[in-house]
Amino acid sequence: MSGDSDCTRTSPSAGSPSDNEFLPDRPKYVCSLSPELITKAREELQEKPEWRLRDVQALRDMVCKDYPSLGTCLDDAFLLRFLRARKFDYDRALQLLVNYHTCRRSWPEVFNNLKPSAIKPVLESGFVTVLPCLDPEGRHVVCIRPDRWTPSNYPITENIRAIYLTLEKLIQSEETQVNGIVILADYKGVSLSKASHFGPFVAKKVIGILQDGFPIRIKAVNIINEPRIFKGIFAIIKPFLKEKIANRFFLHGCDLNSLHQNIPPVILPEEYGGTSGKLDISAWNELLLASEEDFLHDFSQLVLPCDSSPHDMLVSGDADEKQCDDSLRGMKPQLYYCY
């Protein structure tokens with residue numbers, strides 16, 4: 001069924017008596033937030049429980065009116081992710097939703113056949129995992145270790161697929177939608193040859209997804225053990241970062257005390273001066289792999305439309321790719337200099 005017919009069939013007209021009574025086939029939203037998080041969402045995200053379903057319906061109506069062929073899921077819980085990520089600003093939430101789909105359709109190397117079993121080698125390498133304990137703000141810590149990647153085994157896009165699925169799993173939690181996440185990136189052992197795989201084209205795509213194409217709040221990015229080459233890597237990334245996000249990057253070098261100012265040792269593994277034991281990737285891997293059927297069901301609701309609107313694209317294809325390739329040639333001398 002196309003996105004257009006789905007909107008026609010399931011979206012009530014303006015002035016309907018109820019948001020949900022005419023949607024028997026749509027899962028009814030039940031809030032799972034604690035009273036404390038409801039208060040936090042009200043104060044930080046402008047979320048009012050008494051208006052929540054009205055706001056979701058308003059976004060749903062905008063999708064059906066302005067993007068009837070978007071092919072998106074229209075469930076309350078799914079749309080609520082985008083409203084929370086944009087502090088219940090309808091227009092910004094709608095643009096985020098459009099960008100979410102645009103990103104998925106503009107990078108087939110990452111999004112085709114996207115499921116946990118397809119990225120099992122990346123998970124087993126330990127390239128990305130989630131620490132078992134939340135930080136004091138109730139946020140998950142996503143740990144990324146580029147040194148675990150061997151480029152000859154698989155392309156860099158496999159790592160991006162693993163990160164994306166990790167974020168998709170985390171954002172299913174309403175607590176994460178409100179609290180956001182923290183990233184811990186360990187750049188120990190990252191060589192020039194490995195860094196060269198992360199050129200401006202890939203950087204722009206990844207940053208575009210994280211900033212403007214995914215409904216998650218990244219509250220801090222902690223970089224540890226970064227070599228001199230990271231200056232070149234960051235030079236590639238920074239032009240694509242919004243000022244607010246750039247200000248959330250913290251470079252700690254080898255100073256674990258500096259890291260502990262942002263992430264307390266009690267939730268960190270021994271590898272980073274913590275007291276929570278050795279870093280264990282098995283629990284997260286098992287959780288993600290056990291979610292295979294859930295992902296297949298969720299992604300099956302994201303229908304590829306028959307047409308697309310180029311002006312809505314977040315990334316515009318060949319022209320951007322050529323521009324980024326030109327930028328990469330200019331960046332390479334800088335990478336060598338930093339190295």
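Description of the structure in this document. Note that the structure is predicted; figures quoted are calculated from it, not measured.

**Comments concerning the pairing of strand β3 (residues 181–186)**
Judged by how many residues are buried, β3 sits mostly within the fold: six of six residues are covered. By the alternation rule, side chains of β3 split into Ile 181, Ile 183 and Ala 185 and Val 182, Leu 184 and Asp 186, which are all buried. Bridge count for strand β2 (residues 140–144) against β3 is five bridges, and the pairing is parallel. Bridge pairing in β3 links Val 141 to Val 182. In terms of strand pairing, β3 meets strand β4 (residues 218–224) through six bridges, oriented parallel. Across the sheet, residue Asp 186 finds its bridge partner in β4, namely Ile 224.

**Considerations on the packing of aromatic side chains**
Summed over all chains, the structure comprises eight aromatic pairs. Aromatic pair Phe 82 and Tyr 100: ring centres 5.4 Å apart, planes at 80 degrees, arrangement edge-to-face. Residue Phe 82 is found in helix α4 (residues 76–85), and its partner Tyr 100 is found in helix α5 (residues 90–106); the two are separated by 18 residues along the sequence. Take Phe 82: its relative accessible area is 0%, and that puts it in the buried class. For the ring pair Tyr 164 and Phe 214, a centre distance of 5.2 Å and an interplane angle of 75 degrees mean the geometry is edge-to-face. Placement of the pair is Tyr 164 in helix α8 (residues 156–170) and Phe 214 in the loop between α11 (200–212) and β4, with a sequence separation of 50 residues. Over the face of the ring belonging to Trp 51 we find Arg 54, whose NZ or CZ atom lies 4.5 Å from the ring centre. Cation over ring: Arg 104 sits above Phe 299, and NZ or CZ is 4.4 Å from the ring centre.

Rules used throughout
- Residues numbered from 1 in each chain as written.
- Predicted model: local features only at pLDDT ≥ 70, side-chain atom pairs only at ≥ 80, totals over all residues.
- Heavy atoms only, no water.
- Buried < 20%, exposed > 50% of the residue type's maximum accessible area, 1.4 Å probe, protein only.
- Helix = DSSP H or I, 4+ residues; strand = E, 2+ residues; numbered from the N terminus.
- Pairing = 2+ DSSP bridges.
- Phe/Tyr/Trp six-rings, centres within 6.5 Å; stacked < 30°, edge-to-face > 60°.
- Lys NZ or Arg CZ within 6 Å of the ring centre and 35° of its normal.

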